[in-house]
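The primary structure of each chain is shown beneath.
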Amino acid sequence: MALRPFVLFLPLGLWSEWAAAVATEHPEDLVELLAGTDTHNGSSPSNGNVLPMAKRPHGFNDWAPQTNLEGNAWWFRRAESTFFGIRCTHQPSPWIGDYGHFLVQPHIADAPQELKYTPGTSTFRPYLFKADLQDMTMELAPTSHAALVRVTFPESVTGRLSLTIGSGSVEATGGTISGHTTQNNGGVPADWRGMFFVMKAITPSIASGSVGVAIAKKTSATLQFPSGSGPVVVALATSFISREQAELNLRQEVGSLSFDQVVNQGRAEWKARLRHVEVEALDDSQLRVFYTNLWRSMLFPRFLQEVNEKGREVHFSPYRNEVLPGKLVADSGFWDAYRTVYTLQSIVSPDNLGGLIDGWVNAFNEAGWLPQWPSPGQRRSMTGSMGDFVLGDAIAKSTWGFVSGFNVTNAYEAIRKDAFIEGEGSYGRVGLRDYIQKGYVPESDFKPSHSLSDGAQGFPESVTRTQNYYIADAVVARAAKLLGRADDHDALLARSKRYGVLFNNETLFFQPKSASGHFYAPFDPLAWRNGFTESGGWQYRFYVPHDVEGLKALYRGSLCDRIKAMLTHTSGPAFHVGGYGNVIHEMMEAAAIQPNFGLYAHSNQPVHHILWVAKRAGCSDIADQYLRKATSELYTARGWAGDEDNGEMASWYILSALGIYSLEGGKDEMVLGSPAVVSATVHLPRGRTLKVTTKNQTEGNVYVQSVMWTPSGRVSRPVTDVLRYTELMGGGTLTFTMAGAPKPPSVPRSTADPVRVFV
């Protein structure tokens, strides 16, 4: 039974600092798997667009109930009480789709049929799914490549368990079902053999001592158990390599373990991972939200390697269509994840991060380019080459001694290629030649339609592309410097500083330009896609996280006021449809939070840097206020303000709740914010710990008055808004003193130009 969170009462002398703190010894039982599962379809507002996945950390397979047969990517909805089985899935996002999936369903009738269950009374845990299905009970406990299923049928009837695929083949022999499923939505070779599976009845029949009998049809097969069999246990395993490897995966991960032993093993693994960060929260709700988000941060990318009969890691390569040695990862898009996912991993689990980077380096070695959204192979999705940020940052942290396990030379080769070689097909940077020559990518798709005056080729969403290239170049430049590549460093650093080329000094917005160098006009910063990805000019107005001082210079002393104007723009239109031509779900989500957050559309990734840019720029009052407002209002046990996106939204929450954030990849700097929790202990490698503590922490005390840093075994010192990553990873204590009002300024603010709200 799961333990309840406990309230930690503090000595009377500390009552003024902490009234009470809520903690738990079992964070794995506080995770809300159903969070974010209310989205109806692709045109409706999202509160996560996620699945209630039972799986292991970064596991090979995910398992979730299927509640409808509509044939689209929204095959589970929390509100539905229909049940069509448990789906083995690899769907990272409904916008990417599933591959290598099949369905497992218990039934009493001759064929599978619609069943009923109650989501609210079912058990959804990271390590266990359990539901009452009319007259039956179904349970599933996952490993990475396998799972055990336990079904309790009525005593007096024949029980059946069917495995169904959409395409591929299935066969049955004795008490075993095997085959392969070839269903996919792209990212696989033309002659992909699919995912192999094996399902075995391992519970003897009470009546005869024999195992269940398997019966196969064209796309399904059924295990049949005589009446009186009692709880039936069935083992499943999968492989992208072969049926034999699936059998081996089953022996390696399940073997002779009982169902309860697999449950306990999974629970212990999740407990250990989640307790890398032990928090004391303001209340039970915050504690649940914290560990739900920490769990989400540990699901993707997915490891695709398997262990062969010689005990070596191997994987099927969707890029080469063959089995190759080593790790491989997939099902994560760098456009989203670069912002927070890997930074968080570099703090809470740098050893695991090294393995993930190794998987990405192998993907580059096999594809010839670093894929930006593989599922399992490269998919044409989103803009930029933000994997350069992730690998460049990992190279830096490798040279500092905190991340290892990957080939640094190959990693640099991957990101250097993106920076200097024109992209091919869906790989690399489009418009790189223009970017190098002009300092920006010209726009081709501005709405209302305009023809390029010189007839030159341009590219849609050009401002976003260009800004992403600036950010990526800054990180690659830092990696180059650390590796002694001075020429690369100098060229890329200079390129990263050219963001002023797209900044209009009249409007004070970044705007799309034609190939001839003219700003498109008229410019509407509320219009989405007119030069921008999934947002408009307002959301990309401060997208220079790699050079906040330079951004301040562009705004001539008014940056803090401009950010405040965005956050307080709480009336009027939240958007114009612009180049999209119709309302998309991100627009609806942005409008839903406008009354409290203005045009700060935290429901999507393009703004996730802004409050931290504000903090780094010295706009502490507005940053502290809205960082805490975002963590308390936009993250709940019910879900998120928009698509959670493979751990990015969740990782933003964890970093922000701890009061630490990285704006610049490859730079030895963490920005300090306004922590939301009462305290936290982060368990670092080599037995070190990072402690985050607060004084006077309450829900209303959001403003930081001072920060003290006490390195392990050394003397405390005051710090302002930044601290080196290498210092944090050495261990120590960060102490934030909080208050309900902003800290009085130590020096008068400079007089800024009057703010013009340009809408």
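Refer to the structure printed above.
None of the values given here were measured: they were computed from a predicted structure. (Residues numbered from 1 in each chain as written. Predicted model: local features only at pLDDT ≥ 70, side-chain atom pairs only at ≥ 80, totals over all residues. Heavy atoms only, no water.)

Description of the overall build of the protein chain
Thought 1: The number of helices and strands found in the protein chain is 18 helices and 36 strands.
Thought 2: By the compact-globule yardstick of 27 Å for 759 residues, the protein chain fits well, its C-alpha radius of gyration being 26 Å.
Thought 3: Taken over the C-alpha atoms alone, the protein chain extends approximately 90 × 75 × 50 Å along its principal axes.
Thought 4: A total of 759 residues make up the protein chain; the buried ones form 62% of that total.
Thought 5: Considering only contacts within the protein chain whose residues lie at least 6 apart along the sequence, 69% involve residues at least 24 apart. (Helix = DSSP H or I, 4+ residues; strand = E, 2+ residues; numbered from the N terminus. Rg over C-alpha atoms; globule rule 2.2 N^0.38 Å. Buried < 20%, exposed > 50% of the residue type's maximum accessible area, 1.4 Å probe, protein only. Contact = heavy atoms within 4.5 Å.)

Focus on the environment of Arg77
Thought 1: Tracing the chain through its elements places Arg77 in the loop between strand E3 (62–65) and strand E4 (82–83).
Thought 2: Separated by 521 residues in the primary sequence, Arg77 and Gly598 have C-alpha atoms spaced 30 Å apart.
Thought 3: In this structure Arg77 touches Thr37, Thr39, His40, Thr67, Asn68, Glu70 and Asn72, once residues within four positions along its chain are discounted.
Thought 4: From its side chain, Arg77 meets the backbone oxygen of His40 in a polar contact 2.6 Å long. (Polar contact = N/O pair within 3.5 Å; in protein donor to acceptor, adjacent residues only side chain to side chain.)

Observations concerning helix H8 (residues 408–420)
Thought 1: The end-to-end C-alpha distance of H8 is 18 Å, a good match for the 18 Å that 13 residues give at a rise of 1.5 Å each.
Thought 2: For H8, the complete set of buried residues consists of Ala411, Tyr412, Ala414, Ile415, Asp418 and Ala419. Down the axis of H8, the buried side of the element spans an arc of 155°, and every buried residue falls inside it.
Thought 3: Buried residues along H8 sit in contact with helix H6 (350–367), helix H7 (387–399), helix H9 (432–438), helix H10 (462–482) and helix H11 (486–496).
Thought 4: Put simply, Asn407 is the residue that caps the front of H8, since its side-chain oxygen is 3.0 Å from the backbone nitrogen of Thr409. (Expected span 1.5 Å × (residues − 1). Arc of directions from axis to C-beta.)

Thoughts on the pairing of strand E5 (residues 86–89)
Thought 1: Across the two faces of E5 the burial is the same, with Ile86 and Cys88 and Arg87 and Thr89 all buried.
Thought 2: Strand direction decides the pairing type here: E5 and strand E6 (residues 102–107), joined by three bridges, are antiparallel. Looking across to E6, one finds that Arg87 is bridged to Leu103. (Pairing = 2+ DSSP bridges.)

Digging into the nonpolar core
Thought 1: Of all hydrophobic cores here, the largest spans 211 residues; its most connected members are Phe102, Phe290, Ile347, Leu391 and Ile660.
Thought 2: A per-element tally of this core places H10 first, with nine residues.
Thought 3: Those residues in contact with Ile660 that sit more than four places away from it in its chain are Ile347, Trp612, Leu655, Met670, Val671, Leu672, Leu690, Leu728 and Leu734.
Thought 4: In this structure, Trp528, Phe575, Met587 and Ala590 belong to the second largest nonpolar core, which totals seven residues. (Core = buried A, V, L, I, M, F, W, Y, C linked by side-chain atoms within 4.5 Å.)

Considering the sheet that holds strand E22 (residues 313–317)
Thought 1: A sheet is described by the order of its strands in space; here three strands give the open sequence E21-E22-E23, paired in antiparallel fashion. Since the sheet does not close on itself, it has two edges, and those belong to strand E21 (306–307) and strand E23 (322–325), each with one partner.
Thought 2: When E22 meets E23, the two strands line up antiparallel, connected through four bridges. Paired with Phe316 across the two strands is Val323, which belongs to E23.

Describing the packing of aromatic side chains
Thought 1: Enumeration over the complete set of coordinates arrives at 33 aromatic pairs.
Thought 2: A ring pair is formed by Trp192 and Phe240, whose centres lie 6.2 Å apart and whose planes are at 40°; its orientation type is tilted. You can see Trp192 sitting in the loop between strand E14 (176–181) and strand E15 (195–201) and its partner Phe240 sitting in the loop between strand E18 (232–239) and helix H1 (243–253), a full 48 residues away along the chain. Accessibility classification places Trp192 together with Phe240 in one group, the buried group.
Thought 3: Arranged with centres 5.7 Å apart and planes meeting at 45°, the rings of Tyr435 and Tyr470 form a pair that is tilted. You can see Tyr435 sitting in helix H9 and its partner Tyr470 sitting in helix H10, a full 35 residues away along the chain.
Thought 4: Accessibility expressed as a relative area gives 0% for Tyr435, which makes it buried.
Thought 5: Site record: aromatic cluster; members linked through ring pairs are Phe76, Phe83, Tyr117, Phe124 and Phe129.
Thought 6: Note that Arg339 overlies the ring of Trp335, its terminal NZ or CZ placed 4.9 Å from the centroid. (Phe/Tyr/Trp six-rings, centres within 6.5 Å; stacked < 30°, edge-to-face > 60°. Lys NZ or Arg CZ within 6 Å of the ring centre and 35° of its normal.)

Here we look at the state of the cysteines
By definition, a disulfide links the sulfur atoms of two cysteine residues through a covalent bond.
Thought 1: For the structure on display, the rule yields one disulfide.
Thought 2: Paired by a disulfide, Cys560 and Cys619 hold their sulfur atoms 2.1 Å apart. Residues Cys560 and Cys619 are joined through a disulfide that is left-handed, its torsion about the S-S bond being -80°. In this pair, Cys560 is assigned in helix H13 (residues 559–567) and Cys619 in the loop between helix H15 (610–616) and helix H16 (620–633), connecting sequence segments 59 residues apart. (Disulfide = S-S within 2.5 Å.)

Read these as geometric descriptors, not functional statements.
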